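# Remarks on the overall topology
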Amino acid sequence: MGRNYDALVMHGNPHALSANPFSMNRAAAVTRLTLWLGFPTARAHFDPLTLSEDDRARLADSRGSRRRADFEVSRALLAMAEVGSAAHSLSHSAEHAALLIAPDGSRIGVDLEINRPRDVLRLARFAFDEREVRALESAAPESQQALFYTLWTLKESFAKALQLGLVDALRHCIFWMEDREWRGRVPTDAGWSAAVFQPRPEIVIAVARIGGNEALQLNTWEWPPKQRADWPLMVACAGAPSGADAAPA
């Protein structure tokens, strides 16, 4: 897929919303969300004293240096961000972590994946919808990995936002291209919005929010060191509540 982001703009189905649901670092948005990307060096800032009771139990159950490293990076990021009572969602992979923060009561999800070679067709045939499998099979070989991770991160971010099992989200959160536009179907009667970013060539992050049709201000940050970020937007999509009139395209 490369960086032809215009071709990747997604609209909710069946009620397409013409507005991009995420405005990047702009003050005009109605609802503010914050997305953090934490790097492996965050592990040096990990302090077990900042852990919740549940996270102390998770740390005790962590087995293997890789799993423990992921946990420490994500909890160091969580402690640094000081989320308080705000809604938040965490994801980690390969000593990187993503943290999405939203107003209290929000239904949100984030997923971070490291784009590394794997048998994406085999995984898709096992877990994805048939039309998604066909899209992957027909994609150019050099595009299959990027398409797979775009779909996977979208699905897993909705698994968290909707509190679905991962298998259910993989099968029932469906995204496809029609009339040169991407469309999505998500198992909810509420409005929803999502976006996929590529902070680095090997890093893919998807965020999802359930409820509300207003534009969102998504501020993106990296740490450490703490700095604002401006990442390529690969995908933006939104769906209106069931029964709502479609916005003009």
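Preceding this paragraph is the structure being described.
Here's a quick rundown of the structure. Since the model is a prediction, treat every value here as computed from it, not as a measurement. (Residues numbered from 1 in each chain as written. Predicted model: local features only at pLDDT ≥ 70, side-chain atom pairs only at ≥ 80, totals over all residues. Heavy atoms only, no water.)

### A short note on the pattern of salt bridges
Here is the rule we go by: A side-chain nitrogen of Lys or Arg and a carboxyl oxygen of Asp or Glu constitute a salt bridge if their distance falls within 4 Å.
Counted under the stated rule, the structure contains nine salt bridges. The partner of aspartate 129 in a salt bridge is arginine 131, with the nearest N and O atoms 3.5 Å apart. In the salt-bridge network here, residues are joined through shared partners; they are Arg43, Arg68 and Glu72.

### Observations regarding the packing of aromatic side chains
Definition in use: Only the six-membered ring of Trp is used, alongside the rings of Phe and Tyr, when aromatic pairs are assigned; centres must lie within 6.5 Å, and planes under 30 degrees apart are stacked while those over 60 apart are edge-to-face, with the rest tilted. In DSSP terms, a helix is any run of H or I states spanning at least four residues, a strand is any run of E spanning at least two, and both are numbered starting from the N terminus.
Enumeration according to the criterion identifies nine aromatic pairs in this entry. Between the aromatic rings of phenylalanine 46 and phenylalanine 71, the centroid separation amounts to 6.5 Å while the plane-to-plane angle is 70°, which identifies the pairing as edge-to-face. Separated by 25 residues along the polypeptide, phenylalanine 46 in the loop between strand E3 (31-38) and helix H1 (53-61) and phenylalanine 71 in helix H2 (residues 65-81) bring together distant segments of the chain. Summarising the aromatic geometry, the rings of phenylalanine 148 and tryptophan 152 are spaced 5.7 Å apart at their centres and angled 35° between planes, so their arrangement reads as tilted.

### Examining the sheet that holds strand E9 (residues 192-200)
For clarity, the threshold we go by: In this analysis, strands are considered paired if DSSP registers two or more bridges between them. For every element, the axis is a line fit to its C-alpha atoms; helices are fit only across the contacting stretch, and the angle between N-to-C directions ranges from 0 to 180 degrees.
Taken together, four strands build an open sheet; the order of strands is E6-E10-E9-E13 and the sheet is antiparallel. Each of the sheet's edge strands pairs with one partner strand only, and the pair in question is strand E6 (107-114) and strand E13 (233-239). Neighbour-to-neighbour, the strand axes of the sheet open up by a mean angle of 10°, direction not taken into account. Pairing of E9 with E13, which is carried by six bridges, proceeds in the antiparallel orientation.

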